[in-house]
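# Structural overview
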Amino acid sequence: MAWQHRQAMFMEARERTQEASMMVLVRAETTMQKLNYLLSGIGEVVAARGGMQDQPDLYLHRLLIRRNALADSVHWLFLVNSEGELRESSSRFPSRPLSFKDREYFRQQQEHWDLGLFVGEPLVSRVAGESFIPVSRRLTNDGGLFLGVAAAGLNPEALIELLASQRLPEGYSGGVFLTSRVPLACHGIECSRDSLKTPALPQGRAGSDVDGGVLIGIDSVIGHYEVSGLFPLVIAVQVPEALIVSQWHSWMQSRLPLVLGANLVVSLMSLAAFTQLLRRREAVDALVAANEVLDARVQERTLQLQGSEARARAFMMATTDAVIVIDAGSRILEFNRGAEQMFHYPAQEVIGASLDLLMPPEMVLRHHDLVRRANSSVAGAMSKGLEVTAMRRDGTRFPVDVTIGTASLPEGMVFVGVMRDITERKQVEWRLTQLATTDALTGVFNRRAFMEQGESMFALARRYEWPLSIMMVDADHFKRVNDTYGHHVGDLVLQTLSSRLQETLRSTDILGRLGGEEFGLVLPETGQEGARELAERILSAIRGAEVLLEDGTVIRFTVSIGVAVLDAGIQDLPELFQRADQALYQAKQGGRDRSQVFS
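To keep things clear, this report deals only with the structure shown in the data block. Predicted, not measured: the structure shown is a model, and the values here were computed from it. (Residues numbered from 1 in each chain as written. Predicted model: local features only at pLDDT ≥ 70, side-chain atom pairs only at ≥ 80, totals over all residues. Heavy atoms only, no water.)

### Looking at the overall build of the protein chain
Secondary structure assignment for the protein chain yields 15 helices and 23 strands. Looking at the protein chain residue by residue over its 599 residues, the buried ones come to 42%. Summed over its atoms, the accessible surface of the protein chain is roughly 31,600 Å², and 53% of this surface lies on carbon and sulfur atoms. (Helix = DSSP H or I, 4+ residues; strand = E, 2+ residues; numbered from the N terminus. Buried < 20%, exposed > 50% of the residue type's maximum accessible area, 1.4 Å probe, protein only. Areas by Shrake-Rupley, 256 points an atom, 1.4 Å probe, with all protein chains shown as cover.)

### Some words on the state of the cysteines
Note on terminology: a disulfide is the covalent bond linking the sulfur atoms of two cysteines. Going through the model one piece at a time under the given rule, you end up with one disulfide. Here C186 engages in a disulfide with C191; their sulfurs sit 1.9 Å apart. The sign of the -105 degrees torsion about the S-S bond sets the C186-C191 disulfide as left-handed. Judged by relative accessible area, C186 falls into the buried class, the value being 17%. Under the relative-accessibility criterion, C191 is labelled partly exposed at 24%. (Disulfide = S-S within 2.5 Å.)

### Points about the packing of helix α13 (residues 487-504) against helix α14 (residues 528-543)
Look at α13 against α14: their axes get within 10 Å of each other, and the N-to-C directions meet at 140 degrees. Classified by the angle their axes make, α13 and α14 are oblique. The interaxial crossing formed by α13 with α14 has right-handed handedness. Every residue of α14 that contacts α13 at L497, R500, L501 and T504 is listed here: L534, R537, I538, A541 and I542. Here the residues of the contact of α13 with α14 sort into six nonpolar, one polar and two charged. (Axes fitted to C-alpha atoms, helices over the stretch in contact; angles between N-to-C directions. Parallel < 35°, antiparallel > 145°, perpendicular 65-115°, else oblique. Left-handed = near helix turned anticlockwise from the far one by under 90°. Contact = heavy atoms within 4.5 Å. Nonpolar A, V, L, I, M, F, W, Y, C, P; charged D, E, K, R; others polar.)

### Comments concerning unusual backbone geometry
Peptide bonds are trans in most cases, and residues, glycine excluded, mostly fall at negative phi. A cis amide bond, omega -10 degrees, links F93 with the succeeding residue P94. Within the secondary structure layout, P94 lies in the loop between β2 (86-89) and α3 (104-111). One non-glycine residue, E465, adopts positive backbone phi at about 60 degrees. Relative to the helices and strands, E465 resides in the loop between α11 (447-464) and β17 (468-475).

### Concerning the sheet that holds strand β23 (residues 595-597)
Read across the sheet, five strands follow the order β18-β19-β17-β22-β23 without closing on themselves; strand pairing throughout is mixed. Either end of the sheet is taken by a strand with one partner, and the two such strands are β18 (510-515) and β23. The average angle at which neighbouring strand axes cross in this sheet is 20 degrees, direction not considered. Sheet topology places β17 next to strand β19 (residues 518-524); seven bridges connect them, and they run antiparallel. Directly across from I470, in β19, lies its bridge partner V522. Its contacts with the sheet put α11 on β17, β18 and β19, and the angle it makes with β18 is roughly 135 degrees. On top of the sheet, helix α15 (residues 573-589) reaches β17, β19, β22 (559-565) and β23; it is set at about 140 degrees to β22, its chief contact. (Pairing = 2+ DSSP bridges.)

Here it is as structure tokens:
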């Protein structure tokens with residue numbers, strides 16, 4: 001029995017290292033994915049502005065400050081141009097004249113166009129003197145030209161906090177490493193470049209146990225490590241075997257009097273039985289032996305069940321995610337602290353109630369259908385990554401990511417749901433979508449999104465033989481405005497032009513900024529006469545527009561418009577735009593402030 005308890009303690013330690021390493025990996029991957037989205041969005045803005053200027057750019061500096069506020073795990077954000085020179089930073093304006101072309105996070109992005117997100121070994125900032133983990137993405141324009149690098153200085157303390165949040169018992173230690181074995185953060189142990197002693201690491205997502213070997217610089221450990229399939233990360237958690245053996249010895253010492261006493265009682269009973277019932281000795285001995293074996297099996301199984309139940313409940317109550325267990329009738333059986341914080345209900349109020357309490361009315365029927373299908377499925381099946389809408393006690397709705405597991409118990413089927421509030425992720429995704437499709441200055445579609453919308457309208461028009469027209473609108477003498485009043489006034493002119501265009505167009509028309517002072521319009525179900533009339537309305541609206549400066553100066557401007565109409569000879573959208581561009585050129589040559597239809 002003592003040896004079995006020793007094995008159970010080793011099994012518990014192994015399970016703890018497995019659970020902790022997997023939980024830290026999931027949260028580390030989530031952190032890196034957020035940074036990936038963040039840097040990609042910044043790259044879209046830089047590309048839309050045509051790259052980085054040689055002079056300090058207050059707009060980009062403020063953009064970096066706003067994005068930095070969305071990532072509390074990051075010291076700072078900064079932009080490096082194609083020559084490796086620091087251009088903008090969220091921490092200082094204007095930035096210091098520093099060269100980062102020798103830094104690995106710049107050189108790797110410069111040399112590898114398909115690298116994606118780069119995560120490098122910890123460095124010390126040349127500006128602030130702080131330790132940081134460099135994370136970077138390559139910046140390119142629509143033609144694939146290398147513009148530079150968007151980078152973040154990840155605070156190593158954020159990764160240490162991921163390890164500390166597992167609340168492992170004293171003596172356990174863990175670390176976050178690059179797949180090159182360079183340590184990024186360690187908790188409970190000092191790490192060096194050669195601390196991680198795993199065998200050759202596999203490609204893609206993988207994990208492995210270590211029993212009695214070396215993992216993070218210590219011999220004879222029980223441990224586990226997980227390799228990310230998304231980023232170059234390895235998570236390792238360990239505990240020395242000697243610590244588990246020491247805990248087992250302490251347990252043995254506390255149980256020794258009980259064991260000796262039990263043995264003495266058994267010996268006396270056996271002696272009495274032998275002297276009094278000699279003729280039945282063999283039967284009694286056999287019965288005692290059978291009882292001892294049965295008792296040992298019962299105690300072993302009881303300990304296993306109690307330990308398993310205690311670990312499961314401790315894990316469920318300790319995790320920050322919401323964990324809810326329901327039966328086949330959707331009645332709530334378990335409701336952990338994470339669920340209390342998420343839904344604002346105390347556990348005692350909802351246990352025994354229907355799960356319908358936690359979802360909007362329109363979700364109830366869908367939920368019942370999922371439960372019905374799950375009741376007929378194989379126990380143990382998992383459903384991962386379901387995104388549904390949940391409802392708090394006060395009626396507010398919010399999105400959650402749900403992983404559902406099933407189990408068949410003697411009393412019937414039960415369902416375990418692990419839920420995570422993804423409101424922040426959805427907001428970030430929405431912001432990134434806006435950054436990826438919207439021109440930062442004017443708020444209309446950027447060139448890429450505009451062309452995608454235009455291709456869809458062109459395909460529909462060709463398929464159903466609908467009329468379709470294209471316009472190219474260009475501000476007249478725009479360079480003169482920039483040279484005379486400055487680029488900030490030029491930006492006000494473009495914003496005013498965009499606003500007047502949006503006021504004049506129909507809701508079905510598509511408007512986008514193609515670059516500089518040039519805008520494009522796709523006009524579905526519009527023939528030549530309709531396009532000509534709209535062009536005249538636009539000219540009139542722009543003539544009446546004014547830009548008022550702080551010193552009282554009033555700036556008026558005009559535009560030239562080129563129009564092209566879809567006909568049977570047009571093969572694709574670029575050809576139609578080419579015709580509109582030629583018409584625009586003719587309008588410019590004809591004196592400006594006019595429209596021209598391609599003929």
